[in-house]
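Here is what each chain is made of, one letter per residue.
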Amino acid sequence: MDDARRRLPGGWVLIEDDRIAGVGSGEPPATPVDRRLDARGKVVLPGLVNTHHHLPQTLTRNVPRVQEAPLFRWLVELYEVWRGTDAEAVEVAARVGLGELLLTGCTTSTDHLYLFPRGHERLIDAEIGAARDLGIRFHPTRGSMSRGQSQGGLPPDDVVQAEDVILADSRRLIREYHDPRPRAMTRIALAPCSPFSVTDDLMRRTADLAREHGVRLHTHLAETKDEEDYCQATYGCRPVEFLRRLGWLGSDVWLAHCVHLSAEEIRLFAETGTSVAHCPSSNLRLGSGVSPVREMLDAGVPVGLGVDGSASNDSSNMLAEARQALLAHRSGREPSQWLTAEDVLWAATRGGARCLGRDELGSLEPGKAADLVLIDTRRLSYAGAGSDPLAALVFSPWPEPVDTVIVNGRVLVEGGQLAGVDVPRLVAHAESASAALLDAALRTSGIDYRQKGVRS
Ligand SMILES: [Zn+2]
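What counts, and where the lines are drawn
- Residues numbered from 1 in each chain as written.
- Predicted model: local features only at pLDDT ≥ 70, side-chain atom pairs only at ≥ 80, totals over all residues.
- Heavy atoms only, no water.
- Core = buried A, V, L, I, M, F, W, Y, C linked by side-chain atoms within 4.5 Å.
- Buried < 20%, exposed > 50% of the residue type's maximum accessible area, 1.4 Å probe, protein only.
- Helix = DSSP H or I, 4+ residues; strand = E, 2+ residues; numbered from the N terminus.
- Contact = heavy atoms within 4.5 Å.
- Axes fitted to C-alpha atoms, helices over the stretch in contact; angles between N-to-C directions.
- Parallel < 35°, antiparallel > 145°, perpendicular 65-115°, else oblique.
- Left-handed = near helix turned anticlockwise from the far one by under 90°.
- Nonpolar A, V, L, I, M, F, W, Y, C, P; charged D, E, K, R; others polar.
- Polar contact = N/O pair within 3.5 Å; in protein donor to acceptor, adjacent residues only side chain to side chain.
- Donors = N, O, S within 2.8 Å, 3.2 Å for Na, K, Ca; no water.
- Tetrahedral: all angles 85-135°; square planar, octahedral: opposite > 155°, others 65-115°.
- 1 Å grid on protein atoms, 1.4 Å probe; cavity = no way out; pocket = protein on both sides within 12 Å on 5 of 7 lines; lining within 4 Å.
- Points joined across faces, edges and corners; volume = space filled by probe spheres on them.

1. Examining the nonpolar core
- Residues Trp-74, Leu-75, Trp-82, Leu-98, Leu-102 and Phe-269 are the most contacted members of the largest nonpolar core, which totals 123 residues.
- When residues in this core are grouped by element, the largest group, nine residues, is from helix α2 (residues 87-103).
- Dropping the residues within four chain positions of it, Leu-75 is found in contact with Trp-82, Tyr-114, Leu-154 and Phe-196.
- Core analysis: the next-biggest nonpolar cluster, separate from the first, contains seven residues, Ala-189, Ala-277, Cys-355 and Leu-356 among them.

Here is the structure:
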């Protein structure tokens, strides 16, 4: 994933502390080393970068009531469940989602947490704790909702926050956790949720705050036709124009989804350096559509991959997401417009690094962060794919974990196992936290989310 997208058959990688010190092919250098990992028979990739997630949603996967719901109904229903969340639930959910990401080759993930029930303001602190424990590189975003139903927004009034509270907590998180240094393990970004859940004033003030502190901006945009209609009715313009007027296009902004874009809007993204987190599984799951990724890449818009929240994917599998991206774009298009395995791997590595403003991630080159993934191709799912083992990682379904994951020079996954994690115990904890959320929703709303809902 260097600029020439070179492959090095029979290659080696030398790691020194948290950095890649050398990359080459043929005999490795005679440098004395502390540890040698045998990568024969394996593909070695730069660590994958996940550019959009809602980790707390791992506790509300495939909830029967919203299995057939499109975005707006899905959200309105699930706010009733998510309002029962607390720091303990977020922490276990983050361990599950980040663990899955690591096992599927992801070494850097972002998260977008925007629903803070009253009295539970330290939820991002809880997920940072989980990420640090696991050792994954983490970019949590301070999400926010301030436009409740009484102000014409989608969320109920009691799950939105006052704008001064949001901005004060954003400042606190930047102060406590944001690390601007190269190869930082934790960086904060600011992320008002969407045009239908915040005010334009909060968007503006958030952008000012982010630029004052040199942190990045993130939000959902142009995800559905419903959102487009909402923007036309509320702001008198399309979603991209809404952002443009607020000073929200720029190289410090990455946007989730961007399914419904015009050619002119794509050109505007390219011109301003705005990047996009592409989440094909979620877009297909919610019937939102397929984002014009080919057109964006051709126009020079940086595109990364995101698994999106686990209530609309319903997994945190980065390799599965790469395959989904490869396939989603082929339906009904000319072959010359299809994404290739190389395009998708670029998005999952370099494209994601561009979204997050991390030049030191996403490729195997001297000086880059030591984030690597090793995948053994001597498995049933790859048998017969030896003519192009790299493309096989995207074309062939991948039900098993990757073999080895190294983040910042530390081995976090070995032999397909998460180091230091008691997985059965974590699963049991997540299941009980998930059941507690659905039980609480039944008590407070009278709705049984375990029953199938209507299709509308
Ligand atoms: Zn999202």
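2. Looking at the packing of α2 against helix α14 (residues 423-445)
- Contact pair α2 / α14: the axes reach a minimum separation of 10 Å and the direction vectors enclose 135°. When the interaxial angle is binned, α2 and α14 end up oblique. Read as a crossing pair, α2 and α14 show a hand that is left-handed. Contacts between α2 and α14 involve Glu-88, Val-92, Arg-95 and Val-96 from the first element and Leu-426, His-429, Ala-430 and Ala-433 from the second.
- Across the contact of α2 with α14, the residue classes break down as five nonpolar, one polar and two charged.

3. So, the side chain of Thr-219
- In this structure, Thr-219 sits in strand β8 (residues 216-221).
- At 3.1 Å, the side chain of Thr-219 forms a polar contact with the backbone oxygen of Cys-193.
- Setting aside anything within four residues of it in sequence, one finds Thr-219 in contact with Pro-192, Cys-193, Ser-194, Trp-248, Trp-254, Leu-255 and Ala-256.

4. Points about the coordination of the zinc ion
- His-52 (NE2), His-54 (NE2), His-220 (NE2) and Asp-308 (OD) make up the full set of protein donors to the zinc ion, lying at 2.1 to 2.6 Å.
- Geometry at the zinc ion is irregular, judged from its four donor atoms and the angles of 86 to 174° they form at the metal.

5. Quick look at empty space enclosed by the protein
- Tallied over the entire structure, the rule returns three cavities of 30 Å³ or more.
- Approximately 160 Å³ is the volume found for the largest cavity.
- As for the largest cavity, its lining consists of His-54, Pro-56, Gln-57, Trp-82, Thr-85, His-112, Leu-113, Tyr-114, Leu-115, Leu-123 and Leu-437.
- Of the residues belonging to the lining of the largest cavity, the class tally is seven nonpolar, four polar and no charged.
- Volume-wise, the second largest cavity comes out at about 120 Å³.
- Ranked by residue count, the leading element in the lining of the second largest cavity is helix α1 (residues 71-82), at four residues.

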